[in-house]
Amino acid sequence: MAEHLASIFGTEKDKVHCSFYHKIGSCRHGDRCSRRHVKPTYSQTILVSNMYKNPSLKPDCRLNDDEIQKGFEDFYEDMFLELAKYGEIEELKICDNVGDHLLGNVYVKFRLEDDAQKA
């Protein structure tokens with residue numbers, strides 16, 4: 001039984017734990033989700049929720065595509081330089097998704113778990 005439960009943990013077959021939250025650290029249902037959201041105690045990856053605000057999603061945005069791209073590149077560089085102060089970064093991902101639970105999320109994977117913990 002324990003082997004079976006371990007094999008389905010964090011998958012769609014797991015009826016107790018939220019598979020979506022397990023995969024990306026965020027769930028569209030938030031606190032209303034009927035499944036448990038288990039936060040890891042230690043990880044190489046950290047999540048900064050809703051950090052990037054894409055101006056093109058605002059109805060009154062008057063920026064052209066080049067200005068939006070430049071703004072994103074500046075944001076990316078600023079995030080990378082600030083987070084690199086804590087340790088070597090392996091990956092930096094910034095979500096530009098219309099789902100409120102993903103919109104602007106920044107995922108940073110450090111080489112060492114201790115560096116992620118410091119950040």
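All figures in this text were calculated on a predicted structure; none of them were measured in a lab.

So, how was this worked out
- Residues numbered from 1 in each chain as written.
- Predicted model: local features only at pLDDT ≥ 70, side-chain atom pairs only at ≥ 80, totals over all residues.
- Heavy atoms only, no water.
- Pairing = 2+ DSSP bridges.
- Helix = DSSP H or I, 4+ residues; strand = E, 2+ residues; numbered from the N terminus.
- Axes fitted to C-alpha atoms, helices over the stretch in contact; angles between N-to-C directions.
- Contact = heavy atoms within 4.5 Å.
- pLDDT = per-residue confidence, 0-100.
- Patch = residues over 30% accessible without salt bridge, like charges linked within 9 Å, V, L, I, M, F, W, Y side chains within 5 Å.
- Areas by Shrake-Rupley, 256 points an atom, 1.4 Å probe, with all protein chains shown as cover.
- Salt bridge = Lys/Arg side-chain N within 4 Å of Asp/Glu carboxyl O.
- Buried < 20%, exposed > 50% of the residue type's maximum accessible area, 1.4 Å probe, protein only.
- Expected span 1.5 Å × (residues − 1).
- Polar contact = N/O pair within 3.5 Å; in protein donor to acceptor, adjacent residues only side chain to side chain.

Caption draft 1: Main features of the sheet that holds strand β2 (residues 89-94). An order of β1-β3-β2 is seen for the three strands of this open sheet, with the pairing classed as antiparallel. The two strands at the open ends of the sheet, each matched to only one other strand, are β1 (45-48) and β2. Neighbour-to-neighbour, the strand axes of this sheet turn through a mean angle of 15°, independent of strand direction. By the bridge criterion, five bridges tie β2 to strand β3 (residues 106-110) in an arrangement that is antiparallel. Residue pairing across strands places Lys93 opposite Tyr107, the latter belonging to β3. The sheet contacts of helix α3 (residues 65-83) involve β1, β2 and β3, and relative to β2 the element is tilted by about 145°.

Caption draft 2: Summary view of the confidence of the model for the protein chain. With 82% of its residues at a pLDDT of 70 or more, the protein chain shows a mean pLDDT of 83. Per-element confidence in the protein chain ranges from a low mean pLDDT of 54 for helix α1 (residues 2-8) to a high of 96 for α3.

Caption draft 3: Examining a nonpolar patch on the surface more closely. A cluster of nonpolar residues, Tyr76, Phe80 and Leu81, forms a patch on the protein surface that exposes about 250 Å² of accessible area. As for its position among the elements, Phe80 is in helix α3. Since its relative accessible area comes to 32%, Phe80 is described here as partly exposed.

Caption draft 4: Layout of α3. The end-to-end C-alpha separation of α3 is 27 Å, in line with the 27 Å expected for 19 residues at 1.5 Å each. On its buried face, α3 sits against β1, β2 and β3. The distance from a side-chain oxygen at the start of α3 to the backbone nitrogen of Asp66 is 3.0 Å, and the residue carrying that oxygen is Asn64.

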